[in-house]
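Chain and residue survey
Here are the chains, one letter per residue:
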Amino acid sequence: MSQPNSFAARKARAAEQRTVSAARDAINGKTKGIRALLPFIGPAFIASIAYVDPGNFATNIQSGASFGYKMLWVVVLANLMAMLLQNMSGKLGIATGKSLPEICREYMSPWLTMIMWVVSELAAMATDLAEFLGATLALNLLAGIPMFYAVIITGVVTYLILLMEKYGFRPLEKFIAAFAILIGLCYIVETLLSKPNFGQIAYHSVVPWLGNKESILLAVGVIGATVMPHAIYLHSSLTQRRIIPRNDMEKIKIQKYSTMEILIAMAIAGFVNLAMMYMAASVFHTSGNSDIADLTTAYHTLTPLLGSAAASVFLISLLASGISSSVVGTMAGQVIMQGFVGFTIPVWVRRLVTMLPSVIIVALGVDPTMTLVISQVILSIVLPFPIIALIYFTQKKELMGVLTNKRITTILSSLFAVIILGLNVWLVVQTLI
């Protein structure tokens, strides 16, 4: 290794040790408040990026343009599901020192483990497709770069970011957290520019509504875009060896800080998803542009309605979302493979393989936004697999110890699983008849 790289590695290891030391101080009660929480910030922000990926842009904007504020409640429900499930996933890693895929391989039969692996890899590929296309489209519209070259640039940039992982967990955590905050800031600006009806937002965020087949298809897509299978797998890996608990009391304290971080990170992701939909409702639906069904049209329509600043902010948020979520998707893919089948492939190989579908779609001229929506429906159909496994393992006392699910946690997560399964069954039936 060259001297600069060696210095960077030593510096990164020192930063990682400082984080662990600061976490120990918090666990031992030497620090309080925000200072105690800071060393635990990271895993949930990485996972939360999966909840604001370009698939969310596609389904949320299409839902807001088509049905106004009426589907905001789906975003709220999906975000509550996400908070609970990500908390359970992070808790599994803290309690067992293993990721969810590793637990599945250890406790499930080989044939079921292989099915879970194949299904999970398909979900990871569907996710990466959405993320790649989103970043590619943003580069194309923002900088005028042809789609084919934009997809190559996206691949190279995401690979370079992934290389940060070899310098420990902290640099990549900070980088991804910065992207999450940038996306949130973009949608604060979009909220100020779009001037939505806050009364309608408050009402439709809590009052359920389902209209026709199209609205339910979009509802399934919104849930598929919000509650992400690969994020559930990944979160357990991010917490499993980050701050290693030495006893049951430390497990409880680490889990407390993990829960706080999840609430903050997922609240930001939830705001962004709501903002995407109510911005589309305020700008597109109320102006008679209810047929906005793709991100390119959304961008071009924003310019005359709100000005070039709003359109540019929209593209900046889409680009940040696409690049950062693609990085997270690749990380999840590695965790899925290592956990379920016990081996990994070089990151550059996974990066190359997972970007191929995007390259093919761009080369064939397929509509990127329709591909995004379909990919999110695929994710929603795959979603019950990790959820059922997560519920099953986190309620096992012999596995989880002091962090075993409370009864209410198991009931709520089971209810969410039933809702997702019910929506998926309806979708399949409606597609076939």
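Everything quoted here is computed from the prediction, not taken from an experiment. (Residues numbered from 1 in each chain as written. Predicted model: local features only at pLDDT ≥ 70, side-chain atom pairs only at ≥ 80, totals over all residues. Heavy atoms only, no water.)

Each helix and strand counted, the protein has 20 helices and zero strands in total. Computed over C-alpha atoms, the radius of gyration of the protein comes to 21 Å, within 12% of the 22 Å expected from 2.2 N^0.38 for 433 residues, which places it in the range of a compact globule. Its C-alpha atoms put the protein at 60 × 55 × 45 Å along the principal axes. Residues classed as buried in the protein amount to 59% of the 433 residues present. Of the contacts made within the protein by residues no fewer than 6 positions apart, 84% connect residues no fewer than 24 positions apart. Entry remark: accessible area of the protein is about 17200 Å², with carbon and sulfur atoms responsible for 69%. (Helix = DSSP H or I, 4+ residues; strand = E, 2+ residues; numbered from the N terminus. Rg over C-alpha atoms; globule rule 2.2 N^0.38 Å. Buried < 20%, exposed > 50% of the residue type's maximum accessible area, 1.4 Å probe, protein only. Contact = heavy atoms within 4.5 Å. Areas by Shrake-Rupley, 256 points an atom, 1.4 Å probe, with all protein chains shown as cover.)

For the pair helix α7 (residues 110-143) and helix α15 (residues 308-341), the least separation of the axes is 8 Å and the interaxial angle reads 160°. Relative to α15, the element α7 lies roughly antiparallel. As for the relative orientation of α7 and α15, their crossing is left-handed in sense. Here the contact of α7 with α15 is composed, by residue class, of 19 nonpolar, 10 polar and three charged. (Axes fitted to C-alpha atoms, helices over the stretch in contact; angles between N-to-C directions. Parallel < 35°, antiparallel > 145°, perpendicular 65-115°, else oblique. Left-handed = near helix turned anticlockwise from the far one by under 90°. Nonpolar A, V, L, I, M, F, W, Y, C, P; charged D, E, K, R; others polar.)

With that settled, the discussion passes to the packing of aromatic side chains. In the structure shown here, the tally under the stated rule is seven aromatic pairs. A ring pair is formed by Phe 148 and Tyr 149, whose centres lie 6.0 Å apart and whose planes are at 80°; its orientation type is edge-to-face. For the pair Tyr 392 and Phe 393, a centre-to-centre distance of 5.1 Å together with 70° between the ring planes defines the contact as edge-to-face. According to the relative accessible area criterion, Tyr 392 is partly exposed, its value standing at 44%. The positively charged end of Lys 256 is found above the aromatic ring belonging to Tyr 257, 4.7 Å away from the centroid. (Phe/Tyr/Trp six-rings, centres within 6.5 Å; stacked < 30°, edge-to-face > 60°. Lys NZ or Arg CZ within 6 Å of the ring centre and 35° of its normal.)

Before going further, it helps to spend a moment on the pattern of salt bridges. Taken as a whole and assessed by the stated rule, the structure comprises five salt bridges. Lys 98 is paired through a salt bridge with Glu 106; the nearest N and O atoms lie 2.4 Å apart. One salt bridge connects Arg 246 with Glu 250, and the closest N-O pair in it is separated by 3.1 Å. Residue classification places Arg 246 among the exposed positions, given a relative accessible area of 58%. Connected through shared salt-bridge partners, Arg 24, Arg 246 and Glu 250 make up one network. (Salt bridge = Lys/Arg side-chain N within 4 Å of Asp/Glu carboxyl O.)

Let's shift gears to helix α6 (residues 100-107). Among the residues making up α6, those that are buried are Leu 100, Pro 101, Glu 102, Ile 103 and Cys 104. Its buried side turned inward, α6 meets α5 (72-96), α7, α12 (229-240), α15, α18 (384-394) and α19 (397-400).

We now examine helix α4 (residues 54-67). The end-to-end C-alpha distance of α4, which contains 14 residues, comes to 20 Å, matching closely the 20 Å that a straight helix rising 1.5 Å per residue would cover. Judged by how many residues are buried, α4 sits mostly within the fold: 14 of 14 residues are covered. Following α4 by one or two positions, Gly 68 has its phi on the positive side, about 65°. (Expected span 1.5 Å × (residues − 1).)

Leu 100, Tyr 187, Val 227, Phe 314 and Phe 393 are the most contacted members of the largest nonpolar core, which has 128 residues in total. Of the residues forming this core, the biggest block, 17 residues, is contributed by helix α13 (residues 248-285). With residues near it in sequence (within four places) discarded, Val 227 still touches Tyr 51, Ala 78, Met 81, Ala 82, Leu 85, Ile 232 and Leu 383. (Core = buried A, V, L, I, M, F, W, Y, C linked by side-chain atoms within 4.5 Å.)

A surface patch of nonpolar side chains, about 630 Å² in accessible area, is lined by Phe 148, Tyr 149, Ile 152, Ile 153, Val 156, Leu 160 and Leu 163. In this structure Ile 152 comes out as partly exposed when scored by relative accessible area, which is 35%. (Patch = residues over 30% accessible without salt bridge, like charges linked within 9 Å, V, L, I, M, F, W, Y side chains within 5 Å.)

Attention now moves to the side chain of Ser 205. Within the secondary structure, Ser 205 is located in the loop between α10 (198-204) and α11 (213-226). Every residue in contact with Ser 205, bar those within four places of it in the chain, is listed here: Leu 72, Trp 73, Val 76 and Leu 274.

Moving on to the environment of Ala 58. When you line up the elements, Ala 58 lands in helix α4. In this structure, the C-alpha to C-alpha distance between Ala 58 and Leu 295, residues 237 residues apart in sequence, is 6.5 Å.

One can find Leu 352 in helix α16 (residues 347-364). On a C-alpha basis, the gap between Leu 352 and Val 156 in space is 9.5 Å, while along the polypeptide they are 196 residues apart.

Let us look at the environment of Leu 238. In this fold, Leu 238 is placed in helix α12. Aside from chain neighbours lying at most four places away, what touches Leu 238 is Pro 43, Ile 46 and Met 331.

All right, on to the packing of helix α8 (residues 147-162) against α15 then. Put simply, α8 and α15 touch, their axes get as near as 9 Å, and they point 60° apart. On the basis of their axis angle, the class for α8 and α15 is oblique. Of the two elements, α8 crosses α15, and the hand of that crossing is right-handed. Taken together, the residues of α15 that come into contact with α8 (itself represented by Val 157, Thr 158, Ile 161 and Leu 162) are Ile 323, Ser 326, Val 327, Thr 330 and Met 331.

Let's shift gears to the confidence of the model for the protein. For the protein, per-residue confidence averages 83 on the pLDDT scale, and 91% of positions sit at 70 or higher. Confidence, expressed as mean pLDDT per element, reaches its minimum in the protein at helix α17 (residues 368-382) with 66 and its maximum at α10 with 93. (pLDDT = per-residue confidence, 0-100.)

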